[in-house]
Amino acid sequence: MTATLLDGKAVAQQIRDELTSRVANVKKKLGRPPALAIVLVGDDPASEVYVRNKLKTAEDAGMGVHLERLPGATTLADVLSVVERFNHDARFDGILVQSPLPKTLGKDAEQQVFDLIDPAKDVDGFSPISAGRVVQNREGFAPCTPAGVIELLVRAKIQTEGKHAVVIGRSDIVGKPMAALLLHKNATVTICHSRTRDLPAMAREGDILVAAIGRAAFVTPEFVKPGAVVIDVGINSVTKLEDAQRIFARYPDRLEVFRKRGSVLVGDVHPDVAATAGALTPVPGGVGPLTIAMLMANTVRAAELRSR
Ligand code: NDP
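About the criteria used
- Here the residue index of a chain counts from 1 through its sequence in written order.
- This being a predicted model, a pLDDT of at least 70 is required before a residue's local features are given, and a value of 80 or more before pairs of side-chain atoms are given or counted; all residues contribute to the totals for chains, interfaces and linings.
- As a convention, hydrogens and water are excluded, and side-chain values are obtained from all of the structure's heavy atoms.
- Lines fitted to the C-alpha atoms define the axes, with helices restricted to the stretch that makes contact. Angles between their N-to-C directions range from 0 to 180 degrees.
- A run of DSSP states H or I qualifies as a helix once it reaches four residues; a run of E qualifies as a strand once it reaches two. Both are numbered from the N-terminal end.
- We call two directions roughly parallel when the angle between them is under 35 degrees, roughly antiparallel when it is over 145, roughly perpendicular when it lies between 65 and 115, and oblique otherwise.
- Left-handed describes a crossing whose near helix is turned anticlockwise from the far helix through less than a right angle; right-handed describes the clockwise counterpart.
- The contact definition used throughout considers only heavy atoms, calling two residues in contact when any of these lie within 4.5 Å.
- For this classification, Asp, Glu, Lys and Arg are treated as charged, while Ala, Val, Leu, Ile, Met, Phe, Trp, Tyr, Cys and Pro are nonpolar and the rest, including Gly, are polar.
- By salt bridge we mean one thing: a side-chain nitrogen of Lys or Arg within 4 Å of a carboxyl oxygen of Asp or Glu.
- Only protein chains enter the accessibility calculation, which uses a 1.4 Å probe; a residue whose area is less than 20% of its type maximum is buried, one above 50% is exposed, and one in between is partly exposed.

Caption draft 1: Expanded view of the packing of helix α3 (residues 76-88) against helix α4 (residues 109-116). Interaxial distance between α3 and α4 falls to 9 Å at its minimum, and their mutual angle equals 20 degrees. Relative to α4, the element α3 is oriented roughly parallel. Here α3 runs over α4; the crossing is right-handed. Here α3 contributes Leu76, Val79, Leu80, Val83, Glu84 and Asn87 to the contact with α4, which in turn contributes Ala109, Gln112, Val113 and Leu116. When grouped by side-chain class, the residues that make up the contact of α3 with α4 number seven nonpolar, two polar and one charged.

Caption draft 2: Quick look at the pattern of salt bridges. Evaluation of the coordinates by the stated rule reveals 16 salt bridges. Glutamate 18 is paired through a salt bridge with arginine 155; the nearest N and O atoms lie 2.9 Å apart. A residue pair is termed long-range when its members are at least 10 positions apart, and glutamate 18 in helix α1 (residues 8-30) and arginine 155 in helix α6 (residues 144-155) qualify at 137 residues. Take glutamate 18: its relative accessible area is 42%, and that puts it in the partly exposed class. Linking glutamate 68 and arginine 85 is a salt bridge whose minimum nitrogen-to-oxygen distance equals 2.9 Å. Within this pair, whereas glutamate 68 is found in strand β3 (residues 64-70), its partner arginine 85 is found in helix α3, the two being separated by 17 residues in sequence. The exposure class of glutamate 68 is buried, given its relative accessible area of 16%. Overlapping salt bridges bring together Arg22, Glu139, Arg301 and Glu304 as one network.

Limitation: the analysis is restricted to geometry and does not speak to function.
The structure is reproduced here in structure tokens:
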């Protein structure tokens, strides 16, 4: 079997296209387009790339976007005061504080920041209020990555009702909300994590398998029920030649990317899974673009709610 590739890029484009008229309506009502404030602390290279993509996507969608950069040596109090300022700034409908924050800000820095974001502007869906609304299946902002996965499943007409969905990963931003959203779609959900016993056997029970682990090519064919729908949330940069050669031994085009750039992206799912799964999201081009599209959708929604 060769898995059908689920084209996240195309679905993300569809979602963004559908936002065009809504952006125009907000503009008419508020006298400005929906607008997002992004806070970036420090100079983590991956965060730089993510933020650049978010800025570009927002600009391309005709939305307002403002980047507030803070140096890595910033204090938590400074970050909190920026968030507080944006909470009260009527020019912005959404606030996003790019994660991860520098470790020097302390262990619970992100939690304190997410606690402070006004739930009406919490377009990343990371605040405890948003998390509670997701669990209770109420109107609110779901975290963009799991929300994007649901959009993909719906638009690809993949049935969830009555299916067994296995989610590997229990983070607050991906694993847990993913499980809640699948549950609301009437799947029977199992959540696995680093203490799960016999993970491959557990994963193999899944008609739908979501991998949100953060370990390159971790999910091998032995984790996958033949014909299952496999959603690869992971984004890992492989920077060692021996790792690239091991993972991509049978994929010369991916090895070529490594040779050219000195690194290559791989998800949490091994490429060999394509021979076992019925459908699979590629990396890159799967869940990543959907996450950004959902951020735009959440920001437009936040603006619509303000303009009602
Ligand atoms: P976290 O590190 O917060 O969580 C990882 C989860 O995986 C944890 O629950 C952990 O279990 C579990 N895990 C780790 N190792 C194992 C193992 N050996 N066996 C079973 N479970 C394991 O990561 P995130 O949820 O933030 O992100 C997951 C992945 O998704 C990353 O690759 C990240 O880059 C990517 N990502 C992609 C996005 C996109 O737009 N496509 C957006 C956000 C994230 P435990 O709780 O027991 O430690």
